[in-house]
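Each chain, written out:
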Amino acid sequence: MSQVLKVSKVRSNIEKRRLAGVSVTASLSVLSLFFFGFLNPGKDKTTFGFVLNNEWVLIKEWVVSSQTGSRIFSLVAVAASVAAALAFRKGARIVLPTGIATFGIFMAFITWVASGKFIPFTGLLQGSLLLAVPLIFGSMSGLICERSGVINIAIEGQLLASAFVSGVVASLTHQSAWGLLAAPFAGASISLLLATFAIKFSVDQVILGFVINVFVIGFTSFLYKKLLVPYQASWNTAPTFSQLEIPLLSKIPIIGPIFFTQSVVVYLMFIIVGVITFALFKTKWGLRTRAIGEHPTAADTVGIDVNKLRFRNVVIAGLVAGIGGAYYTVGSVGAFGNEMTAGAGFIALAALIFGKWSPMGAVFAALLFGFADNLQSTLTIIGVAIPSEFMLMVPYIATIIAVTGLVGRVRAPAADGIPYSRGGAN
Amino acid sequence: MRNALSKFGQAIKLPGLSFFMAFTITGLIIAVSDAKVLAKFSSPLDFITSALASVGNAYLALFQGSVFDVNLIKDGSFIQGFYPLSETIVTATPLILTGLSVALAFKSGLFNIGAQGQFIFGAIGASYVGFNFDLPIGIHILAAALTGAIFAAIWGGIVGILKARTGAHEVILTIMMNYIAAYFILWVLKTQTFLRPGRIDPIAPEVNENARLPLLAGSGFRLNFGIFIALAAALFVWWLLTKTTIGFKFRAVGANAQAAKTAGISVPFVITSTMMICGALAGLGGAVQVLGSEYALNTDIAGSFGFDAITVALLGRAQPLGTVFAALLFGALQAGGRTMQSNTGVPLDIVQVTQALIVLFIAAPAFVRYIFKIKKMKSSAALTSKGWNG
């Protein structure tokens, strides 16, 4: 009896959060309609550009009066909110309609704020993807670790160390490919540190990850000033990968320039995300990994060496993060800059949590963060009235909203962060 | 007596070995990265002596920059030689306060990574009251420091309320709040209110004379009253934790939240009030930095005080007294590191490596025992935080 009561209580909590999600989206949509569409409408026309390269069909610029545009997009958002509410009443999934509503609100805002200005729409999305690349690699690293029960706060350290190593190796060899090959090993060596101390010596993983980050930031800064600055010509002139246009696909309007005119690192990302998603849910390795993250004792009982698999997975995670680190140097700007990852590891971690520890969720969260980040710089460049600092806060505020439960229940793998020993507490 | 001595020896054995290992590794890094040492690679003896000289010089500069430098004595003024020590204390003062903030949170079972953001809000509050009002001496300091502490208590309290109400993890919340605070101060410094007349770069006006903390050793030293505020705060945290009911509740929740809840302690209350007090402590750090040594709010006011605080609290094992000593040590490393950088060309960042290594080894007693083949002995439990679901 009490069991039943407990279950229904948990249910109602989830329902409450879903309801909160729907009502927040709905009220934001209505607010957007009133504020951007009527109360404080833009006075000029907003222009959206879609052409970036020489696509097959050159889509014409879309010129719309800021007021009308905001109204259209707000109405889309309102309609989607209604759909979300209906779906909620039927008990169906609300992700799609709330997603569309959020998109509508974003677009209404852009149309409003860029009144009288030109928005390079395709470029905006392309830049968003690029900013999301290291975040996606980082969150995949976190995903593999945490799904197997090891908290990984050291993503920042993995990214920074591998950015450094790939930059230096590519500079010394004059080959960006060598830089890309070396980077995973740098990420993996940080992982070795994490795995050894977390699994072999049972050090608290949150504290450990934090300390590793401090270590890597200090060490790379030290080497940067001692080595890379004075001997810049030989040590810090990494060549970069050129863009690789995929024949045919790159000529599709909008989609082509965004997804199929990228460097090899970005294509690697598509492949790796696909492989991880498949492996995690469709292979023996994935089943075992999820088992040791949720219930290590049970996994041990059926003969899985929990700590060995955890160790191996943490190292694999380092390899993945390493490619993300390489993106910073050989994948984009070439030369290594001091503390160039600038907290991306923590955003990647936030994306992982925002995405509820699922690969696709993390990817979408990372893309959202990338979009917010790039929207901010685009708006700063075209010169709008909102202080860029507030735009820069958006990803972080979004994360807070996410983890406090507006997007539904967020739960980590059950054994995440708990060292495993036979006959131990769990 | 003998027994007490051996007990003491046991107690400092692991920390001592941790320090030894950290400084050895740091020394190796310094030696290997020195071009003059590497040039002597062909002759082993020269190589070793020059490596030792390189490390020795660096560590000598570290000492000269943090404790005592005989070269600074001039006109028979012996006291001038201790200028580095005063710099150590000035650097340690905000570290003590932010370190206490993190340490107190640990006691309630919370991992407060947010000292950085709380520090920023404390600095903003103190600066605003400091330059914007004209108050009598004494009252002005009090008003400015209190405003800073309250701003930061609210900022920390938001995390407490969010965690208490929704169960969201404080590590993620505080990391995010740090970023928001970092952008907030950039914006604040661009506003008309905080713009210094005649300047266009982001720097606030200096706080009024009345709002400045008194200097303790004359105008030649930056040493100020702030250190007493920090020590008083340490005393307060000790008193709060050991002598009051509320402190007992904090520790009960920190030890076992489930059991504390069963015993009738309101966990949400403990989480919220802990985060508010932690915020106030870190905010006081920001206030002291503005009112005691910087005087003007700038974009880099917080440095890395809030982040170093975590290593400080970990090294101090979350004890008030331990935190004070740890902050003094890290203050010395920072102050000495600056001298080391200018005298021997070893970048200041190496200090961060040393700090990380010290804390890593302290947090991993099993590792130190493994390296030195020490048998397992009774020792206080290592610090732990709680995983995402905790």
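So, how was this worked out
Residues numbered from 1 in each chain as written. Chains lettered and ligands numbered in written order. Predicted model: local features only at pLDDT ≥ 70, side-chain atom pairs only at ≥ 80, totals over all residues. Helix = DSSP H or I, 4+ residues; strand = E, 2+ residues; numbered from the N terminus. Rg over C-alpha atoms; globule rule 2.2 N^0.38 Å. Contact = placed C-beta atoms within 7 Å. Buried ≥ 20, exposed ≤ 12 C-beta atoms within 10 Å, placed from the backbone. Nonpolar A, V, L, I, M, F, W, Y, C, P; charged D, E, K, R; others polar. Axes fitted to C-alpha atoms, helices over the stretch in contact; angles between N-to-C directions. Parallel < 35°, antiparallel > 145°, perpendicular 65-115°, else oblique. Left-handed = near helix turned anticlockwise from the far one by under 90°. Core = buried A, V, L, I, M, F, W, Y, C linked by C-beta atoms within 7 Å. Pairing = 2+ DSSP bridges. Expected span 1.5 Å × (residues − 1). Arc of directions from axis to C-beta.

**Notes on the overall build of chain B**
- When helices and strands are tallied, chain B shows 15 helices and zero strands.
- Rg of the C-alpha trace for chain B: 22 Å, near the compact-globule value of 21 Å for 390 residues, within the 12% margin.
- In terms of overall dimensions, chain B has C-alpha extents of about 65 × 60 × 40 Å along its principal axes.
- Excluding contacts between residues fewer than 6 apart, the proportion of contacts in chain B whose partners are at least 24 apart in sequence is 73%.

**Quick look at the overall build of chain A**
- Helix and strand content of chain A: 16 helices and five strands.
- Over its C-alpha atoms chain A spans a radius of gyration of 23 Å, differing by no more than 12% from the 22 Å that the globule rule assigns to 426 residues.
- Split into buried and exposed, the 426 residues of chain A put 53% on the buried side.

**Observations concerning the interface of chain B and chain A**
- Chain B puts 40 residues into the contact, and the matching count from chain A is 42 residues.
- Those elements that provide at least two residues to the side of chain B that touches chain A are helix 6 (139-166), helix 7 (170-188), helix 12 (305-315), helix 14 (350-363) and helix 15 (365-372) of chain B.
- No other element matches helix 7 of chain B, which puts 11 residues into the side of chain B that touches chain A.
- Looking at the side of chain B that touches chain A residue by residue, the class counts come to 29 nonpolar, 10 polar and one charged.

**Quick notes on the environment of Val 359 of chain B**
- Residue placement: Val 359 of chain B occurs in helix 14.
- Setting aside residues up to four positions removed in sequence, Val 359 of chain B forms contacts with Val 211 of chain A together with Thr 311, Leu 314 and Leu 315 of chain B.

**Observations regarding the packing of helix 4 (residues 83-107) of chain B against helix 8 (residues 226-243) of chain B**
Residue and element names in this part refer to chain B.
- Interaxial distance between helix 4 and helix 8 falls to 8 Å at its minimum, and their mutual angle equals 15°. Judged on the interaxial angle alone, helix 8 and helix 4 are roughly parallel. Helix 4 and helix 8 meet at a crossing whose hand is left-handed. Contacts between helix 4 and helix 8 involve Ile 89, Thr 93, Ile 96, Leu 97, Leu 100, Leu 104 and Lys 107 from the former and Gly 226, Ile 227, Ala 230, Ala 233, Ala 234, Val 237 and Leu 241 from the latter.
- When grouped by side-chain class, the residues that make up the contact of helix 4 with helix 8 number 11 nonpolar, two polar and one charged.

**Some thoughts on helix 12 of chain B**
- With 11 of its 11 residues buried, helix 12 of chain B lies for the most part within the structure.
- For helix 12 of chain B, every residue scored as buried is listed here: Phe 305, Gly 306, Phe 307, Asp 308, Ala 309, Ile 310, Thr 311, Val 312, Ala 313, Leu 314 and Leu 315 of chain B.
- Looking at the packing, one finds that the buried side of helix 12 of chain B touches helix 7 (205-228) of chain A together with helix 4, helix 5 (115-132), helix 11 (267-294), helix 13 (320-344) and helix 14 of chain B.
- With its phi angle positive at about 50°, Arg 317 of chain B sits one or two positions after the end of helix 12 of chain B.

**Observations concerning the nonpolar core**
- Grouped together as the largest cluster of nonpolar side chains are 256 residues, with contacts concentrated most on Val 211 and Ala 351 of chain A together with Leu 291 of chain B.
- The element contributing the most residues to this core is helix 7 of chain A, with 15 residues.
- Apart from the residues within four sequence positions on either side, Val 211 of chain A is in contact with Ala 356, Val 359, Leu 360 and Ala 363 of chain B.
- Counting residues in each nonpolar core, the second largest holds eight residues, with Ala 299, Val 306, Leu 309 and Ile 418 of chain A among its members.

**Re the sheet that holds strand 3 (residues 118-120) of chain A**
Residues and elements named next belong to chain A.
- Reading across the sheet, the three strands line up as 2-1-3 and stay open at both edges, with mixed pairing between neighbours. Each edge of the open sheet carries a strand with a single partner, namely strand 2 (62-65) and strand 3. Within the sheet, the average angular offset between the axes of one strand and its neighbour, ignoring direction, is 20°.
- Bridge count between strand 1 (residues 45-49) and strand 2: four bridges; the pairing is antiparallel. Its bridge partner being in strand 2, Phe 48 is matched across the sheet by Trp 62.

**Re the packing of helix 8 of chain B against helix 9 (residues 245-255) of chain B**
Residue and element names in this part refer to chain B.
- Running from N to C, helix 8 and helix 9 cross one another at 80°; their axes reach a closest spacing of 5 Å. Classified by the interaxial angle, the pair formed by helix 8 and helix 9 is roughly perpendicular. Taking contact as the criterion, the partners of Leu 240, Leu 241, Thr 242 and Lys 243 in helix 8 are, on helix 9, Ile 246, Gly 247, Phe 250 and Arg 251.
- Residue classes in the contact of helix 8 with helix 9 are distributed as four nonpolar, two polar and two charged.

**Some words on helix 10 (residues 264-282) of chain A**
All names here are of chain A.
- The end-to-end C-alpha distance of helix 10, which contains 19 residues, comes to 26 Å, matching closely the 27 Å that a straight helix rising 1.5 Å per residue would cover.
- Buried within helix 10 are the following residues: Val 265, Val 266, Leu 268, Met 269, Val 273 and Ile 276. Along the axis of helix 10, the buried residues cluster in a sector spanning 140°; they form a single face. Turned more than 90 degrees from where helix 10 packs its buried face, Ile 271, Gly 274, Phe 278 and Lys 282 sit exposed.

**A few points about the environment of Ser 166 of chain A**
Residue and element names in this part refer to chain A.
- Among the secondary structure elements, Ser 166 is positioned in helix 5 (residues 155-173).
- For Ser 166, a count of 33 C-beta atoms within 10 Å corresponds to the buried category.
- For Ser 166 and Pro 184, which are 18 residues apart along the polypeptide, the C-alpha to C-alpha distance reads 8.7 Å.
- Aside from chain neighbours lying at most four places away, what touches Ser 166 is Gly 179, Leu 180, Ala 182, Ala 183, Gly 325, Ala 326, Thr 329 and Val 330.

**What to know about the pairing of strand 1 of chain A**
Residue and element names in this part refer to chain A.
- Covered by surrounding structure in strand 1 are Thr 46 and Phe 48 only, the residues Lys 45, Thr 47 and Gly 49 on the alternate face being uncovered.
- Pairing between strand 1 and strand 3: three bridges, direction parallel. Residue pairing in the sheet places Gly 49 in a bridge with Pro 120 of strand 3.

**A closer look at the environment of Val 188 of chain B**
Residue and element names in this part refer to chain B.
- By secondary structure assignment, the location of Val 188 is in helix 7.
- Taking the number of C-beta atoms within 10 Å as the measure of exposure, Val 188 has 21 and is therefore buried.
- C-alpha separation for the pair Val 188 and Leu 14, spaced 174 residues apart in sequence, amounts to 46 Å.

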